[in-house]
Every structure is written in structure tokens, then in C-alpha cells.
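Listed below are the residues making up each chain.
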Amino acid sequence: MAFSGLVTRHSATPNHSTRNAGTTPKYIVHHHMATTGFSAVLASWASGRKQGSCHVAISNSGELVGVVDESRRAWSLSSSMFDSQALVTEIANSAVGGGWLVSAAATEAAAQLTADWCRRFSIPCDRDHVIGHREVYTRFKKGYATACPGGLDLDGIVNRARQILGQGGSPLPASAAPAAVAAAPVSSGGGWAFNLPDAASQLRVQRALAGRNPSRYTGPQDGALGPNGFRGIQITIRGVGYSGPVDGVIGAVGCRLIQVYAAKFGDYRGPVDSILGPNSWAGFALGLERP
Ligand SMILES: [Zn+2]
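Residues numbered from 1 in each chain as written. Predicted model: local features only at pLDDT ≥ 70, side-chain atom pairs only at ≥ 80, totals over all residues.

*Asks:* Looking at this structure, how should I read the overall build of the protein chain?
*Replies:* When helices and strands are counted, the protein chain shows nine helices and eight strands. Computed over the C-alpha atoms, the radius of gyration of the protein chain is 19 Å, within 12% of the 19 Å expected from 2.2 N^0.38 for a compact globule of 291 residues. With the C-alpha coordinates aligned to their principal axes, the bounding extent of the protein chain is approximately 60 × 40 × 35 Å. Counting every position in the protein chain, which comprises 291 residues, the buried fraction comes to 46%. Here the contacts in the protein chain between residues at least 6 apart in sequence split such that 61% fall between residues at least 24 apart. (Helix = DSSP H or I, 4+ residues; strand = E, 2+ residues; numbered from the N terminus. Rg over C-alpha atoms; globule rule 2.2 N^0.38 Å. Buried ≥ 20, exposed ≤ 12 C-beta atoms within 10 Å, placed from the backbone. Contact = placed C-beta atoms within 7 Å.)

*Asks:* Is there a simple way to explain the sheet that holds strand β4 (residues 56-58) in this structure?
*Replies:* Paired through backbone hydrogen bonds, the strands of a sheet run either parallel or antiparallel to each other. A sheet is described by the order of its strands in space; here six strands give the open sequence β1-β5-β4-β7-β3-β8, paired in mixed fashion. Only two strands of the sheet have a single partner each, and these edge strands are β1 (9-10) and β8 (130-132). Looking at chain direction, β1 and strand β5 (residues 64-66) are connected through two bridges and run parallel. Paired with Arg9 across the strands is Val65, a residue of β5. Contacts between helix α3 (residues 104-121) and the sheet are confined to β3 (27-32), β4, β5, β7 (86-91) and β8, with β7 contributing the most and set at about 170° to the helix. (Pairing = 2+ DSSP bridges. Axes fitted to C-alpha atoms, helices over the stretch in contact; angles between N-to-C directions.)

*Asks:* I tried to follow the domain arrangement of the protein chain on my own but got confused; where do I start?
*Replies:* The extent of an interface is frequently quoted as the accessible surface area lost upon association of the parts. Under the domain assignment used here, the protein chain contains domain 1 (9-164) and domain 2 (199-289). Here the C-alpha centre of domain 2 lies 28 Å away from the C-alpha centre of domain 1. If you look at the interface, domain 1 gives four residues, while domain 2 gives five residues. For the side of domain 1 that touches domain 2, the residue count by class is two nonpolar, one polar and one charged. (Domains from an automatic or database assignment. Nonpolar A, V, L, I, M, F, W, Y, C, P; charged D, E, K, R; others polar.)

*Asks:* Got a minute to help me understand helix α5 (residues 154-164) in this structure?
*Replies:* Note on helix geometry: an α-helix contains 3.6 residues per turn, so any two residues three or four positions apart are oriented the same way. Buried within α5 we find Leu154, Ile157, Val158, Ala161 and Arg162. Mapping the buried residues of α5 onto a view down its axis gives an arc of 130°, with all of them on the same face. Looking at the buried residues of α5, the elements they touch are β3, α3 and β8. A positive backbone phi angle near 75° is found at Gly166, which sits one or two residues after α5. (Arc of directions from axis to C-beta.)

*Asks:* Hey, could you run me through the nonpolar core in this one?
*Replies:* The tendency in soluble globular proteins is for nonpolar side chains to be buried as a group. In terms of nonpolar packing, the biggest core is built from 45 residues, with Val29, Ile58, Ile91 and Ala110 touching the most fellow members. For this core, the secondary-structure elements that each account for two or more residues are β3, α1 (38-46), β4, β7, α3, β8, α4 (133-138) and α5. Discounting chain neighbours no more than four positions away, the residues touching Ala110 are His30, Ile58, Thr89, Ile91 and Ile157. (Core = buried A, V, L, I, M, F, W, Y, C linked by C-beta atoms within 7 Å.)

Dropping the structure here:
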């Protein structure tokens, strides 16, 4: 059995497989559980009732529970290719809904584990290799669009893990372009990050897209933007120079133009740096809502 020495107990599950031939962990992917019910999630994996798993589950109090052996492939990303290259956590939320926050204790535990995994598996401790579930889709085009891991502070976790490892400094920004999963680490020039806002802000964007004439979005208004909503966003940013495909995959150019649109139509006064944050989205939504 191979588990981090930080794990203090185990909760077995039948939900795991061999890693694809020739693959070793090169990414650390953090998930949130989208619930505060830590024991119930462990129980659903233990019974095999729920088709998911992770290597280490982290409770609200920061307890690290070993679930899947590190040599095995956990089921977490809807991509056997990416799961084969990943070490993954599932972290309990401290509150349900809103910003889907995670406690300080759980965040610190995630940073400690990240540092341990980076050291033991020679994974660079930066934001190109330590990522949230949603970035598997937005940066690597694997799996599906998701807001997971909610309000987890990924930059903070990498900063803290680097401190633990004695590496100091800031993490590299998100990569300039989506890379093939098997590719060598990509350079960090011209970073961008397609961070989604909280559910309330996503709902605001969905409503505003749907309310446009003609409508730019006809999917559910559920506060979880997906490919259909992203297509509506791409149609919208054509108004500020977007000439790429309307394919629901928003990259570096799309991130920048969301901010350009927010500045032009939605009173956004932050940087146009392709790193989306809550203010970028608030400005984008406001611009969309205006007639
Ligand atoms: Zn997830």
C-alpha cells in the first residue's frame, strides 16, 4: 500500500483501476465534495454505490483519509487518460451553496498534502501541475465543464505548499495555452485563467444571456455555466472583436475579451490580464444586462 504519511486513517472503496500503461502522476487535482457530509461521501464510495473516488479525502477539520492507493487510478475526472496521470483529493465544504467555501483547516491540510505529493512524485509545485477539477476541462479539454472545486483557494494552496517545501516565491500563473495531457510542462508566459464565479453570478450571466434578443442561451438557469452558456459568451464577445469559433471552449483570448467587454459595457475597472475574477464576471454580467 502506498499512501502519504500524512494520512491518519483509511476508508476503502472498490472504485479504482490500474493506471494506464506508462503513466505516472504528474498532476495534482483538487475537488470539493459539494457537500458538508464527509462521512456520507466516504460511505457511498465504500459501498461502491457512488461511482467516484479519490486518493485522499479531506474533512472540514483537516483530517486526511486515505481512500485509493497512490499506485492506482482514482475515478474522479471522467477521463481515464487524465485520471491515470493524477493524484486527486476530495475536500469537504464548510458550507453548502454560495461560494462553496472550504475551511482554513481543510485548506491547510490540502497544502500539506500537495507539498508531500510534489516532493515524493517530483511534481513541480506550480499552478500548471496543481489544479482544480474545472481546469482539467478549461485548460486540457478533458472531462466536462464544472465549477468544482468551488471556493477552494488553489493559488493559496500552491503558495503555502511552496513555503512548506522551502521553495518560496509565487506560483507560476496559469498557462498561456491549453496543452495536450501528455505534453511536457508548458511555459507560463502570458498566463490566463478561466475561473468561474460563484453560482449566483453564473446564474446572473445565464439569465442575461437568455434575456438577449435574440436569446444567446436556452439551457437551464441553474447557476452552473456549461458549454451552452460558454457559447453564448463567445457570441457576446464578438461585439468586442472575438473572431474565433463558437464552440463552448473559452481560452486565453476569450478570457481577455470577457474583461474587455466588462470594461466597455459593465463598469469593470480591474486589469485586463486574462485572469478572470469575481469583478470581471460582475462587470460582464452588468454589461449583458444593460439594453
Ligand atoms: Zn470535482
